[in-house]
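Tertiary structure, described
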Amino acid sequence: MAGTFPTTHDFRLVPAAAAVWATALAGLFLSWQTAVLTGVTAGVLGLLAWRRAWWTRTCAIALLISGPVAAIWVGAAVHRAETHPLRQAADEGRTTTLTAELTTRPKGIRAEGFGGTQAGVGNVVIRATADGAQLVVFAPADKWRDLVPGQKVTVRGTLAPPRGGDLASALLRVRGPPQHPQPPPAYQSWAAELRDGLRQASKVLDAEEAGLLPALVVGDTEQMVPRIEDEFRTAGLAHLLAVSGANLAIISGAVYLLTRRLGPRPAAGAAFVALVGFVVLAGPEPSVLRAAVMGAVALLALVLGRQRSAVPGLAAAVLVLVLHDPALGGEPGFALSVVATAALVLVAPRWARALKRRGVPNGLAEAIVVPTAASLATAPLVAGLSGQVSLVSVVANLVAGPVVAPATVLGVAAAAVAPISSTAAEVVTHVAGPAVSWLVLVGRQAASVPGAAVGWPDGWVGAVTLTAVTAAVVLLLLLKKTRTLVVAVLIGGFVVLVPMRVVAPVWPPDGWKVVSCDVGQGDALVLATDTPDTAVLVDTGPDPGAVDRCLKTLGIKKIPLVVLTHLHADHVGGLEAVLTGRAVGAVAVGPLKEPEWAWREVATLARAQRVRVIEPQAEERFSLPGLEMEVMGPRRPPVAEDGNTTVNDYSLVLKAHTRAGRVLLTGDVELAGQAALLGERDLNAEVLKVPHHGSRYSLPAFLKAVRPRVALVSVGADNRYGHPSPHVVDVLRTGGALVLRTDKDGDLAVLPGNRIVRRRRDGLGQVVQRALPDPRRHAGPRVGAVANELQGHPVAAR
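Let us look at the structure shown here. Since this is a predicted model, take the numbers as computed values, not measurements.

1. Some remarks on the pairing of strand β6 (residues 168-174)
The buried fraction of β6 amounts to six of the seven residues, a majority that puts the element mostly inside the structure. In terms of strand pairing, strand β4 (residues 133-140) meets β6 through five bridges, oriented parallel. Within the sheet, the bridge partner assigned to Val137 lies in β6 and is Leu172. Looking at chain direction, strand β5 (residues 152-160) and β6 are connected through four bridges and run antiparallel.

2. Quick look at the environment of Ala49
Assignment of secondary structure puts Ala49 in helix α2 (residues 32-51). Once residues lying within four places of it in the same chain are set aside, the contact partners of Ala49 are Trp54, Trp55 and Ala60.

3. Structural notes on the packing of helix α15 (residues 362-386) against helix α16 (residues 393-417)
Here α15 crosses α16 at 140°, and the two axes come no closer than 9 Å. Between α15 and α16, the interaxial angle falls into the category oblique. Both α15 and α16 take part in a crossing whose hand is right-handed. From α15, Ala367, Ile368, Pro371, Thr372, Ser375 and Leu376 reach across to α16, where they touch Ser393, Val394, Asn397 and Leu398. The class makeup of the residues in the contact of α15 with α16 is six nonpolar, four polar and no charged.

4. As for the pattern of salt bridges
All told, the structure shown has 19 salt bridges when counted by the stated rule. The closest approach of N and O atoms between Arg444 and Glu208, which form a salt bridge, is 2.7 Å. Residue Arg444 is located in helix α17 (residues 422-447), and its partner Glu208 is located in helix α7 (residues 207-218); the two are separated by 236 residues in the primary sequence. In this structure, Lys552 and Glu231 form a salt bridge, with 3.7 Å as the shortest nitrogen-oxygen distance. Of this pair, Lys552 sits in helix α20 (residues 544-554) while Glu231 sits in helix α8 (residues 226-235), and the two are 321 residues apart along the sequence. For Glu231, a relative accessible area of 3% puts it in the buried group. In this structure, a network of salt bridges that share partners links the residues Glu208, Glu231, Arg444, Asp548, Lys552 and Arg582.

5. Let's talk about the state of the cysteines
Where two cysteines share a covalent bond between their sulfur atoms, that bond is called a disulfide. Counted under the stated rule, the structure contains one disulfide. Across the disulfide, Cys517 is cross-linked to Cys550 (sulfur-sulfur distance 2.1 Å). Between Cys517 and Cys550, the S-S torsion sits near -70°, and that sign places the bridge as left-handed. In this pair, Cys517 is assigned in the loop between β9 (514-516) and β10 (525-528) and Cys550 in helix α20, connecting sequence segments 33 residues apart.

6. Some remarks on the sheet that holds strand β17 (residues 653-658)
Ordered in space as β15-β16-β17-β18-β19-β20-β21, the seven strands form an open sheet in which the pairing is mixed. Edge positions in the open sheet fall to β15 (621-624) and β21 (738-741), since each of these has one partner strand only. Sheet twist, expressed as the mean angle between neighbouring strand axes with direction ignored, is 15°. Sheet analysis places strand β20 (residues 710-713) next to β21, joined by four bridges and oriented parallel. Within β21, the residue paired with Val713 across the bridge is Arg741.

7. Regarding the nonpolar core
The biggest cluster of nonpolar side chains holds 47 residues, and the ones touching the most others in it are Leu198, Leu212, Phe232, Leu237, Leu240, Phe278 and Leu439. Of all the elements in the fold, those that place two or more residues in this core are α6 (186-202), α7, α8, α9 (245-259), α10 (264-282), α11 (286-303), α16 and α17. Once residues lying within four places of it in the same chain are set aside, the contact partners of Leu237 are Phe232, Ala396, Asn397, Ala400, Val442 and Gly443. Ala528, Ala569, Ala598 and Ala749 belong to the second largest nonpolar core, which has 37 residues in total.

8. Examining α8
An α-helical turn contains 3.6 residues, so a residue and the one three or four places further along point in the same direction. Of all the ten residues making up α8, seven are buried; the element is thus mostly covered by neighbouring parts of the structure. For α8, the set of buried residues is Arg227, Ile228, Glu229, Glu231, Phe232, Thr234 and Ala235.

9. Notes on unusual backbone geometry
Peptide bonds are mostly trans, and most non-glycine residues show a negative phi. At the junction of Gly633 and Pro634, the peptide bond is cis and its omega measures out at 10° in the coordinates. Position of Pro634 among the secondary structure elements: in the loop between β16 (627-633) and α24 (644-649). Backbone geometry at Asp533 places phi at a positive 50°, although glycine is not the residue there. Within the secondary structure layout, Asp533 lies in the loop between β10 and β11 (535-538).

Conventions used here
- Residues numbered from 1 in each chain as written.
- Predicted model: local features only at pLDDT ≥ 70, side-chain atom pairs only at ≥ 80, totals over all residues.
- Heavy atoms only, no water.
- Buried < 20%, exposed > 50% of the residue type's maximum accessible area, 1.4 Å probe, protein only.
- Helix = DSSP H or I, 4+ residues; strand = E, 2+ residues; numbered from the N terminus.
- Pairing = 2+ DSSP bridges.
- Contact = heavy atoms within 4.5 Å.
- Axes fitted to C-alpha atoms, helices over the stretch in contact; angles between N-to-C directions.
- Parallel < 35°, antiparallel > 145°, perpendicular 65-115°, else oblique.
- Left-handed = near helix turned anticlockwise from the far one by under 90°.
- Nonpolar A, V, L, I, M, F, W, Y, C, P; charged D, E, K, R; others polar.
- Salt bridge = Lys/Arg side-chain N within 4 Å of Asp/Glu carboxyl O.
- Disulfide = S-S within 2.5 Å.
- Core = buried A, V, L, I, M, F, W, Y, C linked by side-chain atoms within 4.5 Å.

Next up, the structure:
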């Protein structure tokens, strides 16, 4: 019996497109033999469908042809990549010199920074071809960032095996600059000039907006403020930072609307020219080409109103693109585009009609359903990629949506006029400024909502699980017998869970006095005062987003003092986020103003926010309600030497007297710095911030002198420095300390009575724990906290 399809859409090419895509996935992630088997199986299925009339004749024949074609094409491509001589050389780790042609723009890799290394884009990744093979080039940013696709360069580097999941035969690690670069094609030089013009014109805006506008228009995220990226990711707006079909639909749609008085065909031709021009501007990379095809499909379906041609157009796009470049089949961006476009074509019109029948105006209905359908359809893929589900994504996209198109069009206009007049480009950028500022505000407010994102299993497991959960909920909502029950459960969960997370959140725990924030490979420790929403911050970590998140979850709005124990990147990188939107009294720094770049950055940020910079001396004290702090060191005069060890040893060391006990804050002091503290003052403390992330450069005598009950190690997961040292951990545990690590335990809160509350970054898995009492401290009579403090004073002792 022949299959039937809905009359509103033509699905005859969908099985063929799915077969080609599945064949590509099998080849990319398994082997070329699996790709051949998958394609042949699809062809056999098509043959059976044709002979037994399971589906329409066109559908069966399309599957019958596309399966074997994909098996041969994809299998051959994967086989070439796996057997190319460069793959064998990569397996052996050889050093080679090649002449390569770049196929993509350099993509910056942002590093958080550690020690004296400044945070920012230090390296770039570029795709290239050489000797008939595809390569991934990993190179220094300052020497390679200005290259454009189409350029040929001579490059020398070390080969390594690729990560898999694409058609690259090798990874080439390069240390030096490109040699003998040849001129790029004229159109690529023109596109690079336009992008540079947009980047320069954007500098008239504030730093956050200046970095966001190029990312919004052409996907250039190199100048993005890290805090904005983190907020957009939490708010579910990260898709705005990459070139997608939406960008091309906006530009082509704007041109079509401006030229439609000329007639449908001239307007369509002008829109197509605009689409091609935008592809050149953004760069003819696979992701941009994919977005161009998907944008064209969306444009045909939504702008020209040919709803019936949308599904076969989408299926044909998948067929052509995956056969042209099988590596696209394994790209997350490709899957996101296909799913989002399918949602816009299949789901959005139906939802829009339903809203219109209920009296919602036409424009408002489409403004609601388009971001909602796209967000819900792509949620499983986003969850699998990011390991979290944004609960504010739909609302954030609804609020941000109206300004995306104007900002994009104005950004393209600024890029277009920049070569002619930089002043005119700056004027256009100023006009776009309010829209970009609105996007920053939406992302920030959405990300600040308690529980804005919840943790979810990442990878294929997370994506499939959320897909199954979503499908089950939708299916149950469609059935009349279960619809009421599902709605009741959803409303009940909303009524119960939202107050638990928002009105009475489980984090921070009541009575917390010290929190070691999980900021990755760096330090950020918060000391509470008795004044609500007020605390002292010691170090700011390497990442603005991480420390900002921690302070927001703690509800900190006022910081009388920010202490930067020393000026290494993993301790000062988040200062800008700390100073933004909070009342900060002063920034305290140590005597050694090295590295010089970090000191300049700290001074500039403090001056911009009108915050004093102070240099506390040894034995100086700070008194706040419920918190006393004394400076223990350094006591040596500074030595102007920009070495990591020297800078570490000149860290500010403080002892804080809190209602949870004494806390020794050690920065990154190493052997010499710790030795200088021994014998100077009483180092004993209930809580120790372990020096230098638990580095092996720690004196056992120093750790024993502190005798902590709780040892907090602020360290990044899977760091390459070997932190914390197993030896240091053993010494602390042997001394009776409870050792906790931010990489495994997340945010760590210390409460009176040596109680510890651990909380993973995703907000799940909160655990309450208590450190064991120290029998040495309780051997004598208990005379009270005040008397215990006075016992060490010479007058009180007499």
